[in-house]
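Chain residues, written in single-letter form:
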Amino acid sequence: MRIASVVVLLIAAAAVVCSATTDQLVIAEKDPVVGGEPTFEGREVGDDIANPFIIDALPFSTTGNTCAYLNDYDVACPYPESIAPDVTYAYVCAEDVVVNVSLCASSYDTKVYIFGNEEGNIVCCNDDACGSEGYQSFMENIFLYAGNTYYFVVDGYNEDCGDYVLEIVPFDLCDLTPPSGAILEGEPECGEAYVDVYNGGCNSDPPVFQPLMPSAAPMTVFGTSGTFDSFSRDTDWYQIYVSASNTITFEAVAEFPLLIFFLDGNLPLGCDDPDIVISSATAAPCEEVSLTETVGAGLYWLWVGPSVFSCQPCGLNYMIEIDGYVGPSPVEDSSWTTIKALYR
């Protein structure tokens, strides 16, 4: 692959279904995995941000049981109205760092979130990213900045409590820059109340795609993405027109947890067709991923975006490379005119 190699530190698996191309989180129903019974006794240390357990250094790992603590806090991510007991840890950040936060080895239906400097200033929250069987929590690619105090709150779904294993692991994030000759996406950076009228594809109203012209050589596209508001993400849809059967390789790497799709734009129901997904793949930040498909003539969409719906600041970079999208011969003037008309 022509994109520079990077070290894979952690791979988070994700279930991929057609609806995963959406730009807003779809909330699923679930049955909690019950741990222990809350006693609501309270504890002198660890019960709230006024007297938290102290994290001296990273990486950090600890175990405990939440059942004897009080219910001091709740953040909906996305399930609201938890009355479960919670435990608080504090970390004073001396330098900028990116971390993964895991409760995956815990025994009950957990929730974890981070306050920045004070209660209610939510940095990130997660309920079930470890998977649908145990409903444990995982936060990936979380940016912590020097000079701030971060409060990590171990909580539970509904009123559930139990044994937890909290791990906070820092890692080195890749720093992607556009190579010479790269096509720049050019979309405005997403942010609060952002409405994508640039290349939001089927998630925009009306749908809008960013066309890519065929190339005899592999092409590189450099863009940005992220998450914003309440569980929304910037999804970028690139449109290609294949004039004859081609084998196309779609490769990507990003500074965020990555999801890519190879999508069929020729189906009768268009954006609403249940068979729109040809293939898909996920990758951890800085991990390379690729899809290779042999497709017939027609329209196709290459989708790039975060695999998560929160905690990824807008403006994070990604890079894709497309190989095999060669287009018609230059002498086929009439066909080329037809193809160009598709992009008007």
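Relevant structure appears above.
Rules used in this analysis
Residues numbered from 1 in each chain as written. Predicted model: local features only at pLDDT ≥ 70, side-chain atom pairs only at ≥ 80, totals over all residues. Heavy atoms only, no water. Disulfide = S-S within 2.5 Å. Helix = DSSP H or I, 4+ residues; strand = E, 2+ residues; numbered from the N terminus. Buried < 20%, exposed > 50% of the residue type's maximum accessible area, 1.4 Å probe, protein only. Core = buried A, V, L, I, M, F, W, Y, C linked by side-chain atoms within 4.5 Å. Contact = heavy atoms within 4.5 Å.

Engineer: How should the state of the cysteines be read in this particular structure?
Structural biologist: Each disulfide is one covalent bond, formed between the sulfur atoms of two cysteines. Scanning the model with the defined rule gives 7 disulfides in all. Shown here is the disulfide that connects C190 with C314, its sulfur atoms set 2.0 Å apart. The sign of the S-S torsion, about -110°, decides the handedness of the disulfide formed by C190 and C314: left-handed. Here C314 lies in the loop between β20 (298-306) and β21 (316-323) and C190 lies in the loop between β10 (183-184) and β11 (210-211), a separation of 124 residues in the sequence. In this structure, C190 and C314 share a single accessibility class: buried. Here C202 pairs with C271 through a disulfide, and the sulfurs are 2.0 Å apart. Handedness here is read from the sign of the S-S torsion; for C202 and C271, about -75°, the answer is left-handed. In this pair, C202 sits in the loop between β10 and β11 while C271 sits in the loop between β17 (258-264) and β18 (277-283), placing the two residues 69 residues apart along the sequence.

Engineer: How should I be thinking about the nonpolar core in this particular structure?
Structural biologist: When a protein is soluble and globular, its nonpolar side chains tend to lie buried together. Counting 30 residues, the largest nonpolar core has L258 and I320 as the members making the most contacts within it. Of all the secondary structure elements, the ones that give two or more residues to this core are β12 (219-225), β15 (236-242), β16 (246-254), β17, β18, β19 (289-295), β20 and β21. Residues contacting I320, with those up to four places away along its chain left out, are M219, T220, V221, Y238, F250, E251, A252 and V304. If you look at the next biggest cluster of nonpolar residues, it comprises 26 residues, including Y89, Y91, V99 and C311.

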